[in-house]
Amino acid sequence: MKDNIEGRKLVDQMDVKFETRDVQVFYGETHAIKDVSVDILDKTVTSFIGPSGCGKSTFLRALNRMNDTIPGCRVEGSLTLDGEDIYDPKVDPVQLRAKVGMVFQKPNPFPKSIYDNIAYGPRIHGLARNKAELDEIVEMSLRRGALWDEVKDRLQEPGTGLSGGQQQRLCIARSVATAPEVLLMDEPCSALDPIATAQVEELIDELKQNFSVVIVTHSMQQAARVSQKTAFFHLGYLVEYGDTDTIFTNPTDPRTESYITGRIG
Amino acid sequence: MTTGTLALIVLAIAVVGFILGRQRALSLVSGDSRKLHSRPGYYGQVVLLFTAVPALLLMLAWLFLQPIVVENRVSATIPDGVVPEGGSRSLVMSDVRRIADGLDALMSAGRFSEDDLTDMRADFVDVRTRLGEVGVALGSDVQPPVFEAAKLYRDNTSTGRALMTGAVLLVALGLLVWSFTRISPAQRARNASESFVKALLLGASTVAVLTTVGIVASLLLETFNFFKMYPARDFFFSTTWNPQFRGGSDLGIIPLLWGTLYVSLVALLVAVPIGLMIAIYLSEYAGKRVRGFAKPAIEVLAGIPTIVYGLFALITVGPFLRDWLAQPLGLGNSSSSVLTAGLVMGIMLIPFVSSLSDDIINAVPQAMRDGSYALGATQSETVKQVILPAALPGVVGAILLAASRAIGETMIVVMGAGAAARLGLNPLEAMTTVTVKIVSQLTGDTEFASPETLVAFALGLTLFVFTLGLNVLALYIVRKYREQYE
Amino acid sequence: MTDMPHSNGADGIARDSHGGKSLLAVDARTRKRNASEARFRLLGKIAVAIGVLALVGLLASILSSGLSSFRQTYIDIEVYLDPAKLDKEGNRDRAQISKVSTFGYKPLIEQGFMEAIEKSGVSLDGISEKEVAEMLSKEAPAQVRNFVLADVERIGQTAPFEVLAGGRIDGYFKGRVTMESAERDRNVSPAQLELADRLREAGVVKVRFNWDFFTAPDASDTRPEAAGLGVAIIGSAYMMLIVLVLSLPLGVAASIYLEEFAPQNRFTDLIEVNISNLAAVPSIVFGILGLAIFINFAGLPQSAPVVGGLVLTLMTLPTIIIATRASLKSVPPSIREAALGVGASKMQTVFHHVLPLAMPGILTGTIIGLAQALGETAPLLLIGMVAFVREYPAGPPEGFFDPAAALPVQVYNWTQRGDPAFVERASGAIIVLLVFLVVMNIAAILLRRRFERRW
C-alpha cells in the first residue's frame, strides 16, 4: 500500500492544481498584492512565508474567493483551478469553496455539537444520501483530522468545549468533510501551544496524501518542517518561489536571505 | 414664607459662608496660600456644603413628614359620627384639607381676617357658599366638627411651617459658624469637601433605589387595602370584569390579562419576524446606501411617542381593518380591536426588536461567518444555520424584552384595543387590557376609598411583577449570551 | 492505516458528488440553494420595505389629517359695540361691563355678519337668518367680549373683527364636511355651505394661517374651531424645565458615583440592577407612583406641571444615567492617569478632566431623554393632566403648581371628543409635538457631530 501511495505521489507531483498569473488584489485604493504568479501543485504542501502585512494571507484568501465577503476588495489577473478561471462570472463561489476549503488562524468551531460541526458542510452540499452515509463521512473526517479517538464517545457535545488544539483539528476535519481538493490554512497553529502545534503539523503531513495544502505561516521552522514548496512574499510581491529546501538553504534573492536569517521580519 | 424663598435664603447664606470661609483661610496665612493644606476655595466649599446641605435636607424631610403628623393629629379629633355611612375617614380628611385650602384662599383674597376665623362657626355661617366664592367647591354642607378640624389643620400646618423655617435657618447658621471656626491652615479642607461631595454623589445614585422602593411600597400598600375590601381569590380567578359605581363590582383580572396577552401576542407576531429580518438584512446583506437610508428610518420609528401610534391606530388602522376586513368577513364592526392594537404595537416594536437583534447578530464573531463561507455555505445558510443558532439566546432575550414592552404599553391599547373586557378569540373584536383599565379606573375623580379605584393598584402590581420578571429573565439571558463571546 | 478503506470509500462519495466537475457549470443543487438564497434575500427586502412603509404610512396619515389644523376659516365683519347693550349705565365701568355675558354680544355680532353679507352683495336666497347666524363660531362672542374688556373705551364705536367661522364651515373648506354629509348633519345644512362658498368668493370668508392654534387654550366640545395648544405647550415646557433641572444634575452625579467611585459591593450591585430595571418599568407604573406618592401622600396638586415634571424626571433618570455612564466610559483611562500623575485628587480628576470631556455625550443623552419625556403620555393621564384647563398657568415658579395640560395628553384628550373636527386638532397637535422632537433630535445629532472625538 505504501508503494502505491509513493508511486501516486510521484506522478501527481507533476499536477498543477492552481495556476495564477499576474494576480493583483486591491482593498479600495490599497494595492495589496502585485503581479503574483505561482503554480501550486496537487498533493503537496506549499507554504507562504513573509513578514507581517506582506500580503500572504490576502493572496491565500483570493484562492477561494473569501475576499468576496470584504467590501471594496478587487482581484485582477488570472487564477485557474484545474484550468478553470475561478473568477469567471459563471463560477459560483459556493461551489468553489466546496472544492477549496479553508482553515483559519483561530479555531472557529460553530456553537453546535462536534457531530453537527463536521456534518454542516456535507449537509449543505448534499454529500450524503442518508444518515448512515453522513455518519460515515463524519467518522472519516474526524479520523483524517486525527481527532476520532479523542471524541468518538462524545460526538453530541458542543465543539466549543474542546481544547484549542482539538478545536483546530475539528476545524480541519470540518473542512475535510466537504471533500475539498485544496486546503488553505491561514496560520493554523499560531493560536496553539507547542504540543497542539506538533499534532496539527503531523496532521498536515498526512493530509498531503489526498489534498493540495497551502499554508500561511509566520514560523520558518514550521514551513521547513511541513512543506515541500515555499513562496516568500514581501510588500505584496512574490519574491521567490521554489522547493522548500532550496529556499531555506540557498535562496537566490537577497531579500529572502535577509528574512530567513532574521534581518527583516 | 414659602419653601422656595426659604431655600433661596439658605443658599444665599451658604454663598456668604463660601466667601467668608475662603477669606478666613487666606487671612490666617496672611495671603500666602502655599501655607494652606488645600487651595483656599476648598475652605469656602466646606463652609458652603456644611451650611446648605444639612439645612436643605432637613427642609425636605420636614416637608415630607409634616403632612403625615398633622393628618394624624387632626384625624384623631374627628368624631366617628361625622364619617358618613359607607364612606371613610380619608374622604372626610380630604374635605378637611379642601376647606383649609379654601380658608387660605379667602384669607389671601382679603375677604376676612384671622380674627374673623376664630369666631366663625359652621353652624352660623354658610361656609360652603363663602368657599364657593373663591373657587373651592364642596360636595355637601360643612358639618361643625369638620370645620373645626379644618381650622385645627390650618393652625397645625402654619405652626409646623413656622417651626420648620426656624429650624432650617438655625441649622444653616449654626453649621456655618461651626465650620467657619474650624478653619485652620492645617485643616484638610479638600479631603473634607471631597468626602462630602462623594456622599452627595452616592445620595444621587440612591434615587433609583428610592424610586423602586416608592413604586413597590405604594403598589403593595394600596393593593393590600384593596384586598381588604375585595377578596383576592375573586380578583385572580374571576372571569368577569364589571365595575359598578354603587358597589357589588366584579373585578376579575382574567379577561384583562387575556386581552393583554392576546394583543401582545399579535404585536410580537408582527414585530419579531419583521424586526429580525430587518436586522439580518441590514447587517448581512444591505449595501452602504440602503443601510444609510433604511437604518435611520427604522430608528425614527423608535423615537416616535406612543401617543402617535395610538392616533394612527385610532384614525387609520382601526377604520381600515373594520371596513376591509371585519365587516366583509362579518367578524365585527368595531374599529378598535385586538388586531388594530396588536398591528400598531407590532410596528412600534419593530425598531426595538431590530436594534436589539442587530447588536446580538453583530456580537456573533466574524470568524464564525468565515468558517461557514469557507465551507461553501451561502449567506442565507450561514445566517440560518450558524448565526441564528449562535445568537439564539440573545434573540430570545430580545423577544422577552419586547414582550415586556408590549405588556406594559398603554396609549396604543387605550386608543386602539377598546374598553370591553372580554374573553374571546376573535381578533377583530374589541378587548381590553390591564393598562387600559388602570387608566380608566384612575382618571377622573379618584377617591382612594373604593375597590373600583384601588383595583388599579392591584392591576399595576400585577403588571409590575410581570414586566419585571420578564426583564430580569431577559437581561440574565442576554448577559449570559454576551459573556459567551467575550 | 486501518482507516484507509474508509477514507477511500468516503473519498469516493465525495468525488461522485462534485469532485472533478467543472466549476463553470452550476449544478442543480447549487442552483436550488441559490434560489433559496434569493428568496431569503427577498424576505429581508420585504421586511425593510414594511418597516419603511410603516413609517411613511404613519407620517402620511398624521400629516394628511393634521396639516389642515394650521389653517382656519375666519369671517371679516364689523361690529357696532352698542352702548345700549354693553354698558347700560353709560359710565364705562369695567366691573359693570364684565357682567355682560357672551349672550349679550351675540346679537351684535350676528347683526355685523348680516351687514357684511349685505355689503358684499351676496344673496341670502333660501336660507333663514337663524341659519346664517349659526355659521359663526360659538367662540365669536367671546372674541369680541375680550376685545371690549381689554379697552372699554371702544364701546360705541364700530370695530373690525376677524371672527372664527363655525367648525362645520371650517371643515367644509378643508374637505372634511361635504354637501352629502351636510344633508345628514344636524349642525349644518347644504344651504349654509353654499352661502359659505359665495361669501368666500366675495372675500367675506377667508382661510388663513392659524396662529391661534399655538396660543389659544383648549375649547369645549362644541367649538373645536377655537381649540388651541397654548396651555399644553406651556405645561409641557414647564415639565421639561423641571425634568432638565432635576434629572441632569441627579443623573450626572449618580453616573459619576457609579462609574468612578463606587466600590464593588452589594449596594452598588443593587443600584445597578435598579437602574437597569427602572429603564424597563412600564411608564404607566410611574404614573401610579406619581399619583400615590406625590399627589396622595405629599399632597401636591393634581394636573400640576410640578407633579408631571417629577414623574417624568424619575422616568428619564435611567436614560440619562445610561448615556452619561457610556460617555464617561469612553474617556480613555490615560486621561485619568495623566491627571492623577500630576497629583490631582480623584475628585479633581473627574471634575476637571473627565467630566468636561464627557459633556457632549452627556448632553446628547439628556436631550434624547427629554425628547422621550416630552412624548410620554400614560403617566400624565393618571396624575390628572387630562383635565380640561382653559386658564394659562402663571409664570414660574408659582405656575408649576397651577393646573395645566401637556402636549401629548392634549392629543389624547381631543381624540376622546365627539366632534370629528377634534381629530384634525389632535393630528395637528401631533405634528407640533413631532416638530419639537425633530428639533431636539437634530440638536442632539449636531452636538454629537460637533464634539465627537475619536481617541
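Residues numbered from 1 in each chain as written. Chains lettered and ligands numbered in written order. Predicted model: local features only at pLDDT ≥ 70, side-chain atom pairs only at ≥ 80, totals over all residues. Heavy atoms only, no water.

**Student:** Would you take a moment to explain the overall build of chain A for this structure?
**Tutor:** When helices and strands are tallied, chain A shows 11 helices and 10 strands. Relative to its length of 265 residues, chain A is compact, with a C-alpha radius of gyration of 18 Å against a globular reference of 18 Å. Dimensions of chain A along its principal axes, counting C-alpha atoms only, are 55 × 40 × 35 Å. Put simply, chain A has 265 residues, and 59% of those count as buried. Of the contacts formed within chain A by residues at least 6 apart in sequence, a portion of 68% connects residues at least 24 apart. When the accessible surface of chain A is totalled, it reaches about 10,700 Å², and 49% of it is carbon and sulfur. A gap of 3 Å separates the mean positions of the 30 positive and 39 negative side-chain charges of chain A. (Helix = DSSP H or I, 4+ residues; strand = E, 2+ residues; numbered from the N terminus. Rg over C-alpha atoms; globule rule 2.2 N^0.38 Å. Buried < 20%, exposed > 50% of the residue type's maximum accessible area, 1.4 Å probe, protein only. Contact = heavy atoms within 4.5 Å. Areas by Shrake-Rupley, 256 points an atom, 1.4 Å probe, with all protein chains shown as cover. Lys, Arg positive; Asp, Glu negative; His and termini not counted. Charge placed at Lys NZ, Arg CZ, Asp CG, Glu CD.)

**Student:** Would you mind going over the overall build of chain B with me for this structure?
**Tutor:** In terms of regular secondary structure, chain B is built from 17 helices and two strands. Relative to the compact-globule value of 23 Å for 486 residues, chain B shows a C-alpha radius of gyration of 31 Å, a clear excess of over 25%. For the C-alpha atoms alone, the extent of chain B along its principal axes is close to 85 × 75 × 40 Å. Counting only residues that meet the buried cut, chain B has 50% of its 486 residues in that class. A sequence separation of at least 24 residues applies to 73% of the contacts in chain B between residues at least 6 apart. Charged side chains in chain B number 36 positive and 35 negative. The centres of these two groups are separated by 12 Å.

**Student:** How do you make sense of the pattern of salt bridges when you look at a structure like this?
**Tutor:** When their charged atoms lie close together, side chains carrying opposite charge are able to pair. Residue and element names in this part refer to chain C. In the structure shown here, the tally under the stated rule is 46 salt bridges over all chains. The residue Arg176 makes a salt bridge to Glu424 at a minimum N-O spacing of 2.9 Å. With a gap of 248 residues between them, Arg176 in the loop between helix H8 (167–173) and helix H9 (179–184) and Glu424 in helix H20 (residues 421–451) connect regions that are remote in the sequence. Judged by relative accessible area, which is 29%, Arg176 ranks as partly exposed. Note that Arg417 and Asp218 form a salt bridge whose closest N and O atoms lie 2.7 Å from each other. Here Asp218 lies in the loop between helix H11 (212–215) and helix H12 (230–261) and Arg417 lies in the loop between helix H19 (407–415) and H20, a separation of 199 residues in the sequence. Residue Arg417 shares its accessibility class with Asp218, and that shared class is buried. The network of salt bridges with common partners includes Asp170, Lys174, Arg176, Glu424 and Arg425. (Salt bridge = Lys/Arg side-chain N within 4 Å of Asp/Glu carboxyl O.)

**Student:** I'm lost on the sheet that holds strand S2 (residues 158–164) of chain C in this one. Help?
**Tutor:** To summarise the sheet geometry, strands pair through backbone hydrogen bonds and adopt either a parallel or an antiparallel arrangement. Residue and element names in this part refer to chain C. The antiparallel open sheet is built from three strands, whose spatial order is S2-S1-S3. Strand pairing shows two members of the sheet lacking a second neighbour, S2 and strand S3 (205–209), which therefore form its edges. The mean angle between the axes of side-by-side strands here comes to 40°, regardless of whether they run parallel or antiparallel. For strand S1 (residues 71–80) and S2, the ladder comprises seven bridges, and the chain directions are antiparallel. Of the residues in S2, the one forming a bridge with Tyr80 is Thr158. (Pairing = 2+ DSSP bridges. Axes fitted to C-alpha atoms, helices over the stretch in contact; angles between N-to-C directions.)

**Student:** Would you mind showing me how to read the interface of chain C and chain B here?
**Tutor:** One frequent convention defines the size of an interface as the accessible area lost when the parts assemble. In this assembly, 73 residues from chain C lie in contact with 77 residues from chain B. Together chain C and chain B conceal approximately 6,400 Å² of surface at their shared face, both sides included; 79% is due to carbon and sulfur atoms. Taken together, chain C and chain B are joined by one salt bridge. Ionic pairing is found between Arg33(C) and Glu381(B), a salt bridge with its closest N-O pair at 2.7 Å. At the surface where chain C touches chain B, the tally comes to 10 residue pairs in polar contact (both at pLDDT 80 or more). Examining the composition of the side of chain C that touches chain B, we find that 21 residues originate from one element, helix H2 (residues 28–66) of chain C, more than from any other. Here the residues of the side of chain C that touches chain B are counted per class, giving 51 nonpolar, 18 polar and four charged. (Buried area = accessible area lost by both parts, 1.4 Å probe. Polar contact = N/O pair within 3.5 Å; in protein donor to acceptor, adjacent residues only side chain to side chain. Nonpolar A, V, L, I, M, F, W, Y, C, P; charged D, E, K, R; others polar.)

**Student:** What should I look at first to understand the nonpolar core in this one?
**Tutor:** Looking at soluble globular proteins, one finds that nonpolar side chains tend to be buried together. In this structure, Ile215(B), Ile307(B), Tyr309(B), Ile438(B), Leu459(B) and Phe286(C) are the most contacted members of the largest nonpolar core, which totals 200 residues. Among residues more than four places away in sequence, those in contact with Ile438(B) are Ala456(B), Leu459(B), Gly460(B), Leu463(B), Ile284(C), Ile288(C) and Leu382(C). Residues Met135(C), Val148(C), Val188(C) and Val204(C) belong to the second largest nonpolar core, which totals 42 residues. (Core = buried A, V, L, I, M, F, W, Y, C linked by side-chain atoms within 4.5 Å.)

**Student:** What is the right way to look at the confidence of the model for chain B in this model?
**Tutor:** If pLDDT is low for a region, its predicted coordinates should not be looked at in detail. Taken over all residues, the pLDDT of chain B has a mean of 86, while the share at 70 or more is 92%. Across chain B, helix H9 (residues 254–285) of chain B holds the top mean pLDDT of 94, while helix H5 (residues 127–133) of chain B sits lowest at 70. (pLDDT = per-residue confidence, 0-100.)

**Student:** Where do I start with the interface of chain A and chain B in this structure?
**Tutor:** Contacts between the two partners involve 22 residues from chain A, matched on the other side by 18 residues from chain B. Buried area between chain A and chain B, summed over both chains or domains, comes out near 1,500 Å², and the portion from carbon and sulfur atoms is 65%. Sorting the residues of chain A by area buried against chain B places Pro111(A), Tyr120(A) and Ile124(A) first, and these three jointly supply 32% of that buried surface. Counting across the chain A and chain B interface gives zero salt bridges.

**Student:** Quick question: what am I supposed to make of the domain arrangement of chain B here?
**Tutor:** Partitioning chain B into structural domains gives domain 1 (3–206) and domain 2 (241–484). On a C-alpha basis, the centroid separation for the pair domain 1 of chain B and domain 2 of chain B is 45 Å. (Domains from an automatic or database assignment.)

**Student:** Before we go on, may I ask you to explain helix H14 (residues 379–408) of chain B in this structure?
**Tutor:** An α-helical segment advances 3.6 residues per turn. Residues three or four places apart therefore align on the same side. The terminal C-alpha atoms of H14(B), which comprises 30 residues, lie only 37 Å apart, well short of the 44 Å expected from a rise of 1.5 Å per residue. Along H14(B), the largest kink reaches about 60° and is centred on Leu392(B); proline Pro393(B) follows within four residues of it. (Expected span 1.5 Å × (residues − 1). Bend = angle between axes of the 7 residues up to and from the residue.)

**Student:** Help me out: how do you make sense of the packing of aromatic side chains in this one?
**Tutor:** How two aromatic rings sit relative to each other is set out by the distance from centre to centre and by the angle between their planes. Considering all chains together, one arrives at 28 aromatic pairs over all chains under this definition. Judged by centre distance (6.2 Å) and plane angle (55°), the ring pair of Tyr285(B) and Phe40(C) falls under tilted. Taken together, the residues span two chains, with Tyr285(B) in helix H9 and Phe40(C) in helix H2. Across this residue pair, the class does not change: Tyr285(B) and Phe40(C) are buried. Between the aromatic rings of Phe213(C) and Phe214(C), the centroid separation amounts to 5.9 Å while the plane-to-plane angle is 65°, which identifies the pairing as edge-to-face. (Phe/Tyr/Trp six-rings, centres within 6.5 Å; stacked < 30°, edge-to-face > 60°.)

**Student:** Looking at this model, I keep getting lost on unusual backbone geometry. Mind explaining?
**Tutor:** Leaving glycine aside, a negative phi is the common case for residues, and trans is the common case for peptide bonds. All names here are of chain A. The residue Asp35 is not glycine, and still its phi comes out positive at about 50°. Residue position: Asp35 is located in strand S2 (residues 30–41). A relative accessible area of 43% places Asp35 in the partly exposed class.

**Student:** What exactly am I supposed to notice about the environment of Gly230(C) here?
**Tutor:** Residues and elements named next belong to chain C. Position of Gly230 relative to the elements: it lies in helix H12. Through-space distance from the C-alpha of Gly230 to that of Glu391 is 9.7 Å; in sequence the pair is 161 residues apart. Those residues within four positions of Gly230 in sequence are excluded, and the remaining contacts are Phe213, Phe214, Thr215, Ala216 and Tyr392.

**Student:** Looking at this structure, I do not really get the pairing of S2(A). What am I missing?
**Tutor:** Residues and elements named next belong to chain A. Bridge count between strand S1 (residues 16–27) and S2: eight bridges; the pairing is antiparallel. Note on S2: the bridge partner recorded for Val25 is Ile33. Hairpin connection, S1 to S2: the antiparallel pair is bridged by two residues, and Gly28 has positive phi, about 60°.

**Student:** I keep staring at the environment of Ala226(C) and nothing clicks. Help me out?
**Tutor:** Residues and elements named next belong to chain C. Here Ala226 lies in the loop between H11 and H12. Overall, Ala226 belongs to the buried group, its relative accessible area being 12%. In sequence terms Ala226 and Ser137 are 89 residues apart; their C-alpha atoms lie 8.1 Å from each other.

**Student:** How do you make sense of a nonpolar patch on the surface when you look at a structure like this?
**Tutor:** Side chains of Leu42(C), Leu43(C), Ile46(C) and Ile50(C) sit close together on the surface and give an oily, nonpolar patch of about 340 Å² of accessible area. Residue position: Leu42(C) is located in helix H2. (Patch = residues over 30% accessible without salt bridge, like charges linked within 9 Å, V, L, I, M, F, W, Y side chains within 5 Å.)

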